[in-house]
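One letter stands for each residue in the lines below.
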Amino acid sequence: MNFRKLLFPIFSLFLLNVLAQNNYLPEDYLTKEFHKDRREKLRKILPKNSVAVFFANAVRNRANDVDFVYHQDPNFYYLTGYKEPHALLLVFKDVQTIGNKKYNELIFVQERNELAEIWTGKRLGIEGVQDELGFRIVYNGSEFLSYDIDFSKFDKILFKNFKNDVRDTTNEADLFSLIESFKSKVSFDLLTITNTTNDKIYNETKRRIDTKSLYSLMASLREIKTSDELVLLKKAIEISAVGQLEIMKAMHPNMSETEVQGVHEFVYKKYGAEYEGYPSIVGAGNNGCILHYVDNNKTITGDNNLILMDLGAEYHGYTADVTRTIPSNGKFTMEQKLIYDIVYEAQEASILKTKIGGNFIKNHQLTQKIINKGLSELGIINSEDSPHTYYPHGSSHHIGLDVHDLGTYETFKENMVITVEPGIYIPEGSPCDEKWWGIAVRIEDDILVTKKGPVNLSAIAPRTSEEIEDAMKLPSVLNDFNLPKLD
Ligand code: GLY
Ligand code: MN
Ligand code: MN
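Along each chain, residue indices are assigned from 1 in the same order as the chain's sequence is written. Written order decides the labels, with chains lettered from A and ligands numbered from 1. In view of the model being predicted, local features appear only for residues whose pLDDT reaches at least 70, and side-chain atom pairs are presented and counted only at 80 or more, with totals across whole chains, interfaces and linings using the full set of residues. Excluded from the side-chain calculations are hydrogens and water; all other atoms, namely the structure's heavy atoms, are used.

**Student:** Can you tell me about the overall build of the protein chain, naming the residues and giving the values?
**Tutor:** Helix and strand assignments come from DSSP, with helices taken as H or I runs of at least 4 residues and strands as E runs of at least 2, each series counted from the N terminus. Counting secondary structure elements, the protein chain contains 14 helices and 19 strands. We compute the radius of gyration over the C-alpha atoms and compare it with the globule rule, which gives 2.2 Å times the number of residues raised to the power 0.38. Its C-alpha atoms give the protein chain a radius of gyration of 26 Å, near enough to 23 Å, the size a compact globule of 487 residues would have. A principal-axis box enclosing the C-alpha atoms of the protein chain has dimensions of 80 × 75 × 55 Å. Burial classification: accessible surface area is computed with a 1.4 Å probe over protein chains only, and a residue below 20% of its type maximum counts as buried, one above 50% as exposed, and the rest as partly exposed. Out of the 487 residues in the protein chain, the part that is buried amounts to 51%. Considering only intrachain contacts with a sequence separation of at least 6, the fraction spanning at least 24 residues in the protein chain is 71%. Element-wise, carbon and sulfur atoms account for 54% of the exposed surface of the protein chain, whose accessible area totals about 24500 Å². Residues scored as charged are limited to Lys and Arg (positive) and Asp and Glu (negative), so that His and the chain ends carry no count. The atoms used to mark charge sites are NZ of Lys, CZ of Arg, CG of Asp and CD of Glu. Here the protein chain carries 56 positive and 69 negative side-chain charges, and the mean point of each set is 8 Å from the other. Contacts are assigned to residue pairs that have any heavy atoms within 4.5 Å of one another. Only the protein chains shown count as covering a residue, and every accessible area follows the Shrake-Rupley method with a 1.4 Å probe.

See below:
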């Protein structure tokens, strides 16, 4: 009897069971090969004799000695997989030689520190970055200032211009120091201090330094998702869509905006998504008219209100962006449904056009046309051509490592993932019949562009007004537990 043959089906069943419970494997991060491949792709499109310089994101203080949870700069993460602050990456177009060392990339990272690691956990340090991220030549950040590199030999030095709030007073080899060292090495400050056209160094520096092109180079890479990225992005989106469905089931008029947000967080964390990809937006009634309303502090969503919920989980760095608008008591009023169905019609038409060769402008204009027609038929605006502010935003953007992900915003191409998110917002006091006041609707889905046409990755979340009302009749496990009453 071959025990291995017998055991394998049993083991597979066990594994399937575990997967079914957890839904997703915890270890499906991007690989070091992915990041290396991205650096190779960037190197290919860099201009001749150039170097691209990337800085890690700054640590941001929340209050006193507490910082915000650290989040890596998406370009830095895309190219390295490194999740710690105080780091610098240089990607060279051509092979560089120092002594007998040859290299085409360098990374300076946060140093190991026994004491700090007791508080905030293990740092990768030089060895970790070599072993786990696959970089060959790695230095500590403190070595950058004295590192012998002559930037004047490059025709182009590409980097993103700096913000001014990167000082970390607790760390000598912090991002601020790396930036200051870099600026002095490339004479960057000359550009802001002097403007004498005959100054030779000034002109040389101006010719070499390029703080604009890196955006479009990175955008051209990041706007097309690789299969590895799509796995993560799809998970983030599905998790977020399930969260929306669970809110629909749990929703009742006594629920607060904060609690609605909490339901979504509970669901996405249960699936292993770490954060929200942007501050959650949960607006009841008139609050829904504030496009990026993040206070979410209305204690009771109330009867007969629409709740606009723009919520995106971030899974291993990739963020969803899904919006549903639902009636707090489970049934749309006539006015709410009329507005909702216009937005739905605009969204559906735009999703169908999210195909290879389509583009952002045409899609937006299509949503505008349908919304204008709908608003004028309801008498909210005088005619389809009347100017108004009831739809004040664009209809689509890329998503990925950023919620508003980098993109060239030209035509739609295979393996782009973009949102389609028209909306109508009628704040109290608007110049129309007051029966429309306080109605705000946005419907937002995440669409994958494929050779076979658009694929709605957030389709798990009910979307038509009828589907939403039906979903809101379903029982929710989340209402079954009774927490103790507090004074
Ligand atoms: N959640 C931000 C947006 O929809 O663009
Ligand atoms: Mn969006
Ligand atoms: Mn959104």
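So that's the structure; there's more coming.
**Student:** Please provide a residue-by-residue account of the pattern of salt bridges, values included.
**Tutor:** By definition, a salt bridge exists where a carboxyl oxygen of Asp or Glu is found within 4 Å of a side-chain nitrogen of Lys or Arg. According to the stated counting rule, one finds 27 salt bridges in the structure shown. One salt bridge connects Asp405 with Arg222, and the closest N-O pair in it is separated by 2.8 Å. Taken together, the residues span a long stretch of sequence, with Asp405 in the loop between helix 13 (360-377) and strand 15 (417-420) and Arg222 in helix 9 (residues 213-222) at a distance of 183 residues. A residue is classified by how much of its surface remains accessible, and Arg222, at 2% relative accessible area, is buried. Several salt bridges converge on common partners, so that one network encompasses Lys36, Arg39, Glu40, Arg43 and Glu105.

**Student:** Could you give an account of the coordination of the manganese ion (ligand 2), with specific residues and numbers?
**Tutor:** Here a donor is any nitrogen, oxygen or sulfur atom (N, O, S) within 2.8 Å of the metal, with 3.2 Å used for Na, K and Ca; water is not among the atoms considered, so some sites may look incomplete. Coordination sphere of the manganese ion (ligand 2), protein contribution only: Asp321 (OD), His397 (NE2), Glu421 (OE) and Glu444 (OE), at 2.0 to 2.2 Å. The geometry test gives tetrahedral to four donors whose angles all lie between 85 and 135 degrees, gives square planar to four donors and octahedral to six donors whose opposite members are over 155 degrees apart with all other angles between 65 and 115, and gives irregular to the rest. Of note is the manganese ion (ligand 2), whose six donor atoms meet at the metal with angles of 50 to 158 degrees in an arrangement that counts as irregular. Sequence positions of the donors to the manganese ion (ligand 2) reduce to the motif D-x75-H-x23-E-x22-E. In this model, the manganese ion (ligand 2) sits 3.3 Å from the manganese ion (ligand 3), the two metals being bridged by Asp321. Highlighted residues: His397 in the loop between helix 13 and strand 15 and Glu444 in the loop between strand 17 (439-442) and strand 18 (445-450), separated in sequence by 47 residues. Pair check on accessibility: His397 and Glu444 agree, each one buried.

**Student:** Just give me the short version of the environment of Gln365, but keep the residues and values in it.
**Tutor:** By secondary structure assignment, the location of Gln365 is in helix 13. What makes Gln365 partly exposed here is its relative accessible area of 45%. Along the backbone, Gln365 and Ser395 are 30 residues apart, and their C-alpha atoms lie at a distance of 8.7 Å.

**Student:** Describe in detail the environment of Ala320, supporting the description with residues and values.
**Tutor:** Along the chain, Ala320 turns up in the loop between strand 13 (318-319) and strand 14 (322-327). Each C-alpha atom of the pair Ala320 and Phe154 lies 39 Å from the other, and the pair is 166 residues apart in sequence.

**Student:** Let's hear about the coordination of the manganese ion (ligand 3): which residues, and what values?
**Tutor:** For the manganese ion (ligand 3), the protein coordination sphere consists of Asp310 (OD), Asp310 (OD), Asp321 (OD) and Glu444 (OE), at 2.1 to 2.3 Å. Spacing between the donor residues of the manganese ion (ligand 3) along the chain follows D-x10-D-x122-E. Residue classification places Asp310 among the buried positions, given a relative accessible area of 4%. Residue class for Asp321 comes out buried when judged on its relative accessible area of 3%.

**Student:** Can you tell me about unusual backbone geometry, naming the residues and giving the values?
**Tutor:** Even without being a glycine, Tyr409 presents a positive backbone phi close to 55 degrees. Inspection of the secondary structure assignment puts Tyr409 in the loop between helix 13 and strand 15. Unlike most non-glycine residues, Asn415 shows phi in positive territory, near 70 degrees. Within the element layout of this structure, Asn415 appears in the loop between helix 13 and strand 15.

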